[in-house]
Amino acid sequence: MSSGTKSGNTGQGPVLAPRAKAGPIPFMGATSWTWTWTYMAAGGLVAAVLGGPAWAQSAGGFVVGDSAVATGIGLPMVGALGSTPGTLSATPDGPGRYVPLTPAGSGAVLPLVGALNEAPSAEPGVLHFTPIDTNHLPDAGGPAASQGTLSPAWSGASAVAPAVSPAAPMVEARGEAPLFGAPPAVGGTASPSPAGLSGETGVAPALPVALMPRPTPVAPVASAPARPVPAPAPPRPDPLASGESLVEADSLTRDDDLGVITARGNVRVVGESRILQADVVTYNTVQGMVTAAGHVVLMERPAPGRRGPEAETSFADYMELTGDLKDGFVRGIQVLGGSGTRLAALYGERSSDAQSQEFARGVYTACASCSGTAVPLPTLTGNSEGTRPPPPAWQVKAARVTHDEAEHNVIFHDAWLEAYGIPVLYTPYLSQPDSTVYRRSGFLTPSTGFSDRLGAEVQVPYYLVLDDHSDARLDFRYTDKQNAIFNGQYNRNFSRGVFSFGGSLDPYDEDGSAQGYYESNGTWHIDPVFRARFESGLTTRPVYLRRLNVDPKDGGDYLTTRVALEGFGERSRGSVESYYFQSITEGLAQSGVPAVPVLADVSLMSDPLWSNSHVEGSVNSMMVRRPGGTDSARLIGRVGYEVPFQDGVGGAYTVSASVRGDAYNAWDQTLTSGDTYDGATGRVVPQGSVIWRHPLVAVGDGYRQVIEPKVGVFAALPNNNPDEIPNEDSRVVTLDTSTLFLPSRVPGLDRVEGGVWTAYGMHYDFRGSKGDALDVDVGQSYRVERDETVFKAGSGLENNLSDIVARIRYAPAPVLSIQYDTQLDAETLDPQRHEVRVTGGTALASGSIGYLFADQTTTLDGDVFTDREEISGWVAARLSRRWQATGGHVYSLDRNTSVRTNLGLTYEDECLRVSSLFSRDHSVEFGIEGGTSFLVTLTLKTLGSYTFSPGLGLGDNPS
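In the nomenclature of an unreviewed UniProt entry, the chain is known as LPS-assembly protein LptD of Pararhodospirillum oryzae. UniProt annotates the chain under Sequence similarities (unreviewed entry) with the comment "Belongs to the LptD family."

Brief notes about the overall build of the chain
On a plain count of helices and strands, the chain comes out with two helices and 52 strands. A total of 959 residues make up the chain; the buried ones form 40% of that total. When the accessible surface of the chain is totalled, it reaches about 48,400 Å², and 57% of it is carbon and sulfur.

What about the pairing of strand 47 (residues 868-878)?
As defined by bridge partners, strand 44 (residues 845-854) adjoins strand 47 across ten bridges and the pair is classed as antiparallel. Looking at the pairing, I849 lines up with G873 of strand 47. As paired strands, strand 47 and strand 48 (residues 883-892) are joined by nine bridges and run antiparallel to one another. Residue pairing in the sheet places S872 in a bridge with V890 of strand 48.

Brief notes about the side chain of E577
When you line up the elements, E577 lands in strand 31 (residues 572-583). Relative accessible area serves as the criterion here: at 10%, E577 is assigned to the buried category. Side chain to side chain, E577 and Y579 meet in a polar contact 2.9 Å long. Contact partners of E577, with chain neighbours within four places excluded, come to R562, V563, A564, P597, V598 and L599.

So, the nonpolar core
Core analysis: the biggest nonpolar cluster contains 41 residues, and L276, V281, M319, W394 and F412 have the highest contact counts within it. Once residues within four sequence positions are removed from consideration, F412 is found in contact with Y364, V396, A398, R400, V401, P428, Y429, L430 and Q432. Judged by nonpolar contacts, the second largest core, of 14 residues, contains V733, F741, W757 and F791.

Concerning the pattern of salt bridges
Taken as a whole and judged by the stated rule, the model has 35 salt bridges. Here the residues in one salt-bridge network are R531, R533, R562, E566 and E577, joined through shared partners.

Details of the packing of aromatic side chains
Ring pairs (aromatic) are described by centroid distance and by the angle formed between their planes. Summed over all chains, the structure comprises 17 aromatic pairs. Centroid distance F476 to F486: 5.5 Å. Interplanar angle 55°. Geometry classified as tilted. Of the two residues, F476 is situated in strand 25 (residues 470-479) and F486 in strand 26 (residues 483-493); the sequence distance between them amounts to ten residues. Ring geometry for Y946 and F948: centres 5.3 Å apart, planes at 20°, overall stacked. Under the relative-accessibility criterion, Y946 is labelled partly exposed at 29%. Look at F948 and you get partly exposed, because its relative accessible area is 25%. Grouped by ring-pair contacts, the aromatic residues Y364, W394 and F412 constitute a single cluster. In this structure, K710 packs its charged tip against the face of F741, placed 4.6 Å from the ring centre.

Considerations on the pairing of strand 15 (residues 342-351)
For strand 14 (residues 328-336) and strand 15, the ladder comprises eight bridges, and the chain directions are antiparallel. Within the sheet, the bridge partner assigned to L336 lies in strand 15 and is R342. Where strand 14 hands over to strand 15, the hairpin turn is made up of five residues, of which G340 adopts a positive phi near 95°. Two elements, strand 15 and strand 16 (residues 356-365), share eight bridges in a ladder whose sense is antiparallel. Note that in strand 16 the partner of Y347 across the bridge is A360.

Describing the environment of L425
On the secondary structure map, L425 appears in strand 21 (residues 422-433). Each C-alpha atom, one on L425 and one on V396, is 9.5 Å from the other, the two residues being 29 residues apart in sequence. Apart from residues no more than four positions distant in its own chain, L425 is found in contact with A415, W416 and L417.

Some thoughts on the state of the cysteines
Applying the stated rule across the entire model yields one disulfide. The disulfide that involves C367 links it to C911, with 1.9 Å between the sulfurs. Here the disulfide of C367 and C911 is right-handed, its torsion about the S-S bond being about 80°. Of this pair, C367 sits in the loop between strand 16 and strand 17 (375-378) while C911 sits in the loop between strand 49 (897-908) and strand 50 (912-925), and the two are 544 residues apart along the sequence. The exposure class assigned to C367 is buried, which follows from its relative accessible area of 2%.

Regarding the environment of A393
Relative to the elements of secondary structure, A393 occurs in the loop between strand 18 (384-388) and strand 19 (394-404). Along the sequence, A393 and T365 sit 28 residues apart, while their C-alpha atoms lie 8.8 Å from each other. Look past the residues within four positions of A393 in its chain and what remains in contact with it is C367, E418, A419, Y420, C911 and L912.

Some points on the confidence of the model for the chain
Across the chain, pLDDT averages 75, with 70% of residues at or above 70. Counted against residues more than four places away or in other chains, residues 1-226, with its pLDDT under 50, gives 425 contacts. Scored below 50 in pLDDT, residues 952-959 makes 36 contacts in the model with residues more than four places away or belonging to other chains.

Details of unusual backbone geometry
In terms of backbone geometry, most residues other than glycine have negative phi values and most peptide bonds are trans. With phi around 50°, H295 is a residue other than glycine that occupies positive phi space. Inspection of the secondary structure puts H295 in strand 12 (residues 289-300). With a relative accessible area of 66%, H295 lands in the exposed category. A positive phi angle is found at N896, which is not glycine, with a value near 55°. Checked against the element boundaries, N896 lands in the loop between strand 48 and strand 49.

Thresholds applied
Residues numbered from 1 in each chain as written. Predicted model: local features only at pLDDT ≥ 70, side-chain atom pairs only at ≥ 80, totals over all residues. Heavy atoms only, no water. UniProt positions renumbered as here; feature names shortened; annotations may be inferred. Helix = DSSP H or I, 4+ residues; strand = E, 2+ residues; numbered from the N terminus. Buried < 20%, exposed > 50% of the residue type's maximum accessible area, 1.4 Å probe, protein only. Areas by Shrake-Rupley, 256 points an atom, 1.4 Å probe, with all protein chains shown as cover. Pairing = 2+ DSSP bridges. Polar contact = N/O pair within 3.5 Å; in protein donor to acceptor, adjacent residues only side chain to side chain. Contact = heavy atoms within 4.5 Å. Core = buried A, V, L, I, M, F, W, Y, C linked by side-chain atoms within 4.5 Å. Salt bridge = Lys/Arg side-chain N within 4 Å of Asp/Glu carboxyl O. Phe/Tyr/Trp six-rings, centres within 6.5 Å; stacked < 30°, edge-to-face > 60°. Lys NZ or Arg CZ within 6 Å of the ring centre and 35° of its normal. Disulfide = S-S within 2.5 Å. pLDDT = per-residue confidence, 0-100.

Next up, the structure:
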């Protein structure tokens, strides 16, 4: 094999020597190899044929003279054309200087993609060039001026480098078009095109997105307006033919007698599926074996034009591989997984036929290697000679590690789990999925604990993958007091919906009977307009949930079963639902809990009419059944008209009128007189209102403020709540700033507000330029006549003049907000309700503290809610990069006792997570105290989690 030659400096200036003669050689089973070997002389630069955009940036630029001959160097370039098609203008910049390519006016290096034309320059200082197809460049990276390169052949790739005349002035090539105008074409021919930088047809094809320059502020040039960028071209085929490989090296020698080819210095071998890098690589053509030594790296090669998933990379001192780089022996191997896992071994072997890898004396961890401060290295005599990196937080040491690529398993034989270098657990066999597995059926890490409710317990979970769209988890739980408990959870995703089911079964609890519960929910999108939903929850006995410390997902007093069909239009919505409730609260009898077989509701609104007015209508129907008590059915229809307008002096009005017709049927309805009523009744509910507001806006230097007075007048038929109409959804009246201007301040539909009344209030809003804000609402109402049948004591509306309600929201900075809601007696200004909430937070800490006081109030049914006063708060703080603390507490001031307490502390790094949670529930229900719990969860990332309770006789159960 001939070698390249290097020309010395003859006094005529820097000279670039011609490339060595190119020729095909057999290598690693390849059908043919085409190689080129280049030298870089003093003062000159050769841009390698293997360049891509990254290589162009590393090359930086090149030197040309006004008499240089450009003859087709495969110069990697990306950028814009000059104003003259197919040219780059050149400007003298002084002799002997190294000048980079720069865009006009930007001062930054202009990266380009293309190839110099083989034809000489038409005139000094002008370079004609034609692009090469960069999609067919091999996947290789490295310096553009590599002194020795091996590359596959493609059209126009081989060339003779131009010589630089010492007498010629140096020039700086400057692009005369904006940097982000139309990109140069790719895929053109090797001959110049009269249309400039284009293909044979003169039409510039699209430049792939991956090769386009990143946007950088550049002064636009009027002479070359930007052109639209076409869509990116589809991925091109792999430039390497089947069975071929690509080699780069500083030097290459061949011994024909031994049949050995040796590449030395920055060797890079690109195969069909793998890339090999090393200091020295030899290929035995007789045995078809490759040996690599010195800083050996073997990595997966993604498919051309695609970004594949992160694959593993192997590092070693020495490798012996087959010609296709798929099988072989490795000494001193270290494997870095795509998910950050690490495996090191004394040696390893891989067999593609068996689809397995074997490692001897392996060490596996997900922790970052060599982290922390080095520790002394102990010797047999007890002396310290040198240092070693500290051990990771955890690692698995095994006599043998097997990676079954067919089953995607990593198996450890005779393994020890070490924590900070200390062995803590031995297992003869340990198996886990490799990083390519998203999920798999199998046993999860067991958990143990102790609690007053359940006693000592152990829980063994099993995860089951049913198919690509569904999975399940089955837990066997044995407790000292409740015996065996079976828990389960099933989840499934459909193309148009989801379904979930979970529950628990205790065949023989501490009372000697079978107990259980379940909760389920699902959603199905029928089409873009309609969807079906359901949720369901039932238990055999409420005390069973208390013993297992299970709360409904909504935290209410009931387990809810609901089925619904919903529809949504542009200005309409409708639903048909059914409800069933099961009481799980002590003292709330199931016989008094209603079931709702039918609840239908439809709302319609017209398109905007005159003055942006609109007509709206609604229909509501409900049927209620009880095991013991009142049954009822209702049908309500309403139509209304609303028109907004302005008076021309800043005032805005909203006038509305509506009429409603109600029809009821009741069975076993208890009247105020004590009699029982069965029969039908109805009513007509006309309503009307006028609301006026006048916003006043002031804008100053760094602020904006709005003052808006608001007055509303409302009228409806008085005394329009017959005793024969049962009350199912109008229970508790709440007066605040959000309900003050409603046409009826009574919730629900069974009770309505009648008579004549007016409401008035003031709104103030301030916004500062630094994120500070203040929002104030205050208001009151006046009724011409009292309505004691609807507004009971404590509602705030029992007198003609209502209580004063206010809400103040203040944010002195974006990280802090304060909200205060209050209800004050109109005569004495005594507080009937206070609620304060202060919330703040940054990236390091956040928290909230609140205070609530509510005076005694009476429901419409005559039930009395006593005073309530409590304080609550929570905080979450990041103590350091890896430590986080949380806490929360609720204290009842009226009962002078704590309600709930939670404290948590968590440590997390790249491979380990340890979380602890302390909680205390002070409630007592069904004779069972809430108790205290302390849980610790240890998670070894990629291995599993373990949850346990230290067994301190605490009153809550681990879960």
